[in-house]
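Fold and geometry: a report
What follows is each chain in one-letter form.
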Amino acid sequence: MSFDAYESIKSAMRRSVNSTDPQAVLEASILKATSVMQPHYEVISAGFTAWRAKTKGTGVRAKDAVWTSGDLTVSLRHLIGLRLPKGSEVVVLTYVKESALTQDMADLVLRIMEHAMPEVLPGATPVIVDTRRGKPFKLRANANRADLDGVLAAEAAKYVTHWLAA
């Protein structure tokens, strides 16, 4: 499956949080999907809908953003802004892959998102939702952000070096 195979459902999830009929928005995306992608979209939609029902948040605007480290630029797209019932705001990045997301896997992306929050939605907390399982991930309060930043810088440099060598 190509990278953009999930663009439609990611866009639908983002649009659904502001819709008067969120399920219809997701269903329309599923119906437009190829026969190969429809079962994936159905599972993603079900998990996202289950998670979304628990949040009871209302949609707010979250801007797309970029994060740069050295010669590497990472785009953060299809981000979903939500205002939770008690007034706090979160910015959600949807994870759609078949393999389950783990906290260790999520931490680096969550740290990238933290760096981008002033541009995306100031004051919001980043969240990644494993949409197939309806499971949210947040960066723990006691996460060593300096260590995460070091790992991000090293991984970015390694990626660029490998890319240029290829």
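Here we summarise the structure given alongside this text.

Cut-offs applied
- Residues numbered from 1 in each chain as written.
- Predicted model: local features only at pLDDT ≥ 70, side-chain atom pairs only at ≥ 80, totals over all residues.
- Heavy atoms only, no water.
- Helix = DSSP H or I, 4+ residues; strand = E, 2+ residues; numbered from the N terminus.
- Buried < 20%, exposed > 50% of the residue type's maximum accessible area, 1.4 Å probe, protein only.
- Contact = heavy atoms within 4.5 Å.
- Areas by Shrake-Rupley, 256 points an atom, 1.4 Å probe, with all protein chains shown as cover.
- Lys, Arg positive; Asp, Glu negative; His and termini not counted.
- Charge placed at Lys NZ, Arg CZ, Asp CG, Glu CD.
- Expected span 1.5 Å × (residues − 1).
- Bend = angle between axes of the 7 residues up to and from the residue.

**Overview of the overall build of the chain**
Counting its secondary structure elements, the chain contains five helices and seven strands. Its helices and strands in sequence order give the chain the pattern α-α-α-β-β-β-β-β-α-β-β-α, from N to C terminus. Projecting the C-alpha coordinates of the chain onto the three principal axes gives extents of approximately 45 × 40 × 25 Å. By the burial criterion, 43% of the 166 residues in the chain qualify as buried. A separation threshold of at least 6 residues defines the contact pool for the chain, and within that pool the share at least 24 residues apart is 64%. Here the chain has roughly 9200 Å² of accessible surface; of this, 57% comes from carbon and sulfur atoms. Between the mean site of the 21 positive side-chain charges and the mean site of the 17 negative ones, the chain shows a separation of 6 Å.

**Re helix α4 (residues 103–120)**
Compared with the 26 Å implied by 1.5 Å per residue over 18 residues, the 22 Å span of α4 between its first and last C-alpha is markedly short. Of all the bends in α4, the greatest reaches close to 35° and is centred on Glu-114; the proline Pro-118 follows between one and four positions later. Each element contacted by the buried residues of α4 is listed here: β2 (65–69), β3 (72–76), β5 (89–95), β6 (125–130), β7 (135–137) and α5 (145–165).

All we've got here are geometric facts, nothing functional implied.
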